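# Descriptive analysis of the structure
One letter stands for each residue in the lines below.
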There are 2 protein chains.
Amino acid sequence: MASANRPLVTGFPGSDHDHGVCREAVLARADALCRSRGMRFTRLRRQVLELIWDEHRPVKAYELLERLRAERAGAAPPTVYRTLDFLLQEGLIHRVESLNAYVGCGDPGHLHPVQLLVCRCCAAVAELADDEVARLLRHKAGRMGFQADSAVVEVEGVCPQCSS
Amino acid sequence: MASANRPLVTGFPGSDHDHGVCREAVLARADALCRSRGMRFTRLRRQVLELIWDEHRPVKAYELLERLRAERAGAAPPTVYRTLDFLLQEGLIHRVESLNAYVGCGDPGHLHPVQLLVCRCCAAVAELADDEVARLLRHKAGRMGFQADSAVVEVEGVCPQCSS
DNA sequence: ATGGTAATGTTATACCATACCAAATTCATC
DNA sequence: GATGAATTTGGTATGGTATAACATTACCAT
Ligand SMILES: [Zn+2]
Ligand SMILES: [Zn+2]
Ligand SMILES: [Zn+2]
Ligand SMILES: [Zn+2]
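Residues numbered from 1 in each chain as written. Chains lettered and ligands numbered in written order. Predicted model: local features only at pLDDT ≥ 70, side-chain atom pairs only at ≥ 80, totals over all residues. Heavy atoms only, no water.

## Comments concerning the relation of the copies chain A and chain B
The operation relating chain A to chain B is a screw motion whose rotation component is 180 degrees, with 0.0 Å of axial translation and a residual RMSD of 0.1 Å. Such a combination of turn and shift is consistent with a two-fold rotation axis. Using C-alpha coordinates, one finds that chain A approaches the rotation axis most closely at Val-153 of chain A, a distance of 2.3 Å. Comparing interface residues between copies, 100% of those in chain A also lie at the interface in chain B; the contact surface is shared. (Least-squares fit on C-alpha atoms with pLDDT ≥ 70 in both. Contact = heavy atoms within 4.5 Å.)

Put into C-alpha cells, the structure is as follows:
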C-alpha cells in the first residue's frame, strides 16, 4: 500500500503503469483524506471520482454524467457539478480550463501549485507542481505591482508517448 | 503618434492613463498590421475591436454581441465569434480562459508569450509577456519528456489600484 | 461584366454551468 | 429509538458559451 506522504502519480503514465493499482491507491487516499478532514466521501462522490480515474485522462462533465447514469438513473447536471465542486474543493481533482474538463489529482493531500501539461494528440495530462515556476510567476507579477494569489498554468504540447 | 516598434500598453493603466489616446493608437496599429499582412480590417472587425477596447478590460462574447447590436441590428453569435477568431488569429486580442472573456492585446505585432494578470476585484488585466517564464516552463516540461508548444498562463490576484 | 474568394447574414443546435426548491439521508442529542 | 438540525442528493428549469451549416453579399482580379 502506498505511503500517505508520497505523491501517487506524477508525470505521464509509461508502459509499466498499472492503472488498476493506481486507481485503487488514489481512491484509498481520497477516502482517508476526507475522513481525516471530517468530510464525507459518500457513494456518489466515490462513484464520480472512480469515473474520473477510469481513464487517467481529463473528462468532460457531460461525459461523466452519461457514464454516471449507468449506475444512477436519475443523475442530472447538478448531480455532477456539485460533486465536481466538492472534489475540487478537497483537492482531489483539477479543472482543465483550456478543455472545460476535469482530471484527477495525482498528489491529493499535498498542497501544490498546479501546472498541467496537456498533450494535444492523446489528451493525456501530467502535473508539474513546480514551486520554482510558481515563485518566478509570483515574483514577475509582483514587479508589476500585482499581488498574485493563484494561477492557471496549462502547457499545450506533445507527450512522450505521442512524440515517439 | 506611437512608434510601430514599441509596445503600446503594458502593465495596469495608472491614473495618468489617457484611454482615448490608448484606444486610437491600438486601432491604428491594428489597421496597419492587417494591411501589412494582406488581411482586411473590415468595418465589422474594427467595430468589434473598438468595443473590446472601450473599457480596457476583458469583455464577454455575449456582452459584446449586445453592444454590437446597437450599430448592427442583425448581429448574431457567429458574427461575434468569427470576428473574435480573426482578431485572435492576428494577435490583436487574447482570450482569458479563466473568465471566458476576451481582452485587447497591448502589444500587437510583436510575437510574445502571453501571461495574463487578472485582478479579482476590478477584473483589470495586464500582460507579463515574459520570456523567462516561458523558458522556465518549457524547460521544466521538457524534463518530463513533454514538448511544449504554447501555454495558457493566467495569474489571479489583486492589481495595484485595488490593493491601495 | 465575369468568376472566384473572402466576409457576413441567418437559423438552428450543441455544449457548459447554475439557480432554486423539494426530498432524503446523516448525525448529534435527548 | 425518537427528534430536529444540517448536509447531501433529486429534479426541473434556465442561463450562458460556442459552433454547424448554408445562403447571401462584398470584394478583387482578370
Ligand atoms: Zn493511472
Ligand atoms: Zn494536483
Ligand atoms: Zn487604455
Ligand atoms: Zn498580447
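Now that the structure has been shown, the text picks up again.
## Examining the side chain of Gln-47 of chain B
Residue and element names in this part refer to chain B. As for its placement among the helices and strands, Gln-47 is situated in helix H2 (residues 43–53). Within polar-contact distance, the side chain of Gln-47 engages the side chain of Arg-72 at 2.8 Å. Beyond its immediate stretch of four places on either side in the chain, Gln-47 contacts Leu-68, Glu-71 and Arg-72. (Helix = DSSP H or I, 4+ residues; strand = E, 2+ residues; numbered from the N terminus. Polar contact = N/O pair within 3.5 Å; in protein donor to acceptor, adjacent residues only side chain to side chain.)

## Remarks on the protein's contact with DNA strand D
In the region of DNA strand D, 20 residues are neighbours, and Thr-42, Arg-72 and Arg-82 of chain A together with Lys-60 and Arg-95 of chain B sit closest. When atoms of DNA strand D within 4 Å of the protein are sorted by moiety, sugar and phosphate together comprise 56%. In the environment of DNA strand D, a phosphate oxygen lies 2.8 Å from a nitrogen or oxygen atom belonging to the side chain of Arg-95 of chain B. At 3.4 Å, a side-chain N or O of Tyr-102 of chain B approaches a phosphate oxygen of DNA strand D. Sorting the residues of the surface near DNA strand D by element identifies helix H2 (43–53) and helix H4 (77–89) of chain A together with helix H4 (77–89) of chain B as the ones contributing at least two each. Of the residues forming the surface near DNA strand D, the biggest block, 4 residues, is contributed by H4 of chain B. Its residues assigned to classes, the surface near DNA strand D comprises 8 nonpolar, 4 polar and 8 charged. (Near = heavy atom within 4 Å. Nonpolar A, V, L, I, M, F, W, Y, C, P; charged D, E, K, R; others polar.)

## Observations regarding the coordination of the zinc ion (ligand 3)
All names here are of chain B. Around the zinc ion (ligand 3), the protein contributes the donor atoms His-17 (NE2), His-19 (ND1), Cys-22 (SG) and His-56 (ND1), at 1.9 to 2.5 Å from the metal centre. Each of the 4 donor atoms bound to the zinc ion (ligand 3) contributes to angles spanning 97 to 125 degrees, and the resulting shape is tetrahedral. Taken in chain order, the donor set of the zinc ion (ligand 3) reads H-x1-H-x2-C-x33-H. Within this pair, whereas Cys-22 is found in helix H1 (residues 19–36), its partner His-56 is found in the loop between H2 and helix H3 (61–68), the two being separated by 34 residues in sequence. Each member of the pair, Cys-22 together with His-56, is buried. (Donors = N, O, S within 2.8 Å, 3.2 Å for Na, K, Ca; no water. Tetrahedral: all angles 85-135°; square planar, octahedral: opposite > 155°, others 65-115°. Buried < 20%, exposed > 50% of the residue type's maximum accessible area, 1.4 Å probe, protein only.)

## Concerning the sheet that holds strand S5 (residues 147–158) of chain A
Hydrogen bonds between backbone groups are what pair the strands of a sheet, and the pairing can be parallel or antiparallel. The 6 strands lie next to each other as S4(A)-S3(A)-S5(A)-S5(B)-S3(B)-S4(B), forming an open sheet whose pairing is mixed. Pairing within the sheet leaves two strands with one partner each, and these edge strands are strand S4 (125–127) of chain A together with strand S4 (125–127) of chain B. Taking each pair of neighbouring strands and ignoring which way they run, the sheet shows an average axis angle of 20 degrees. Sheet analysis places strand S3 (residues 115–119) of chain A next to S5 of chain A, joined by 5 bridges and oriented parallel. Across the sheet, residue Leu-117 of chain A finds its bridge partner in S5 of chain A, namely Val-155 of chain A. Along the sheet, helix H5 (residues 131–142) of chain A makes contact with S3 and S5 of chain A together with strand S3 (115–119) and strand S5 (147–158) of chain B, crossing S5 of chain A at roughly 125 degrees. (Pairing = 2+ DSSP bridges. Axes fitted to C-alpha atoms, helices over the stretch in contact; angles between N-to-C directions.)

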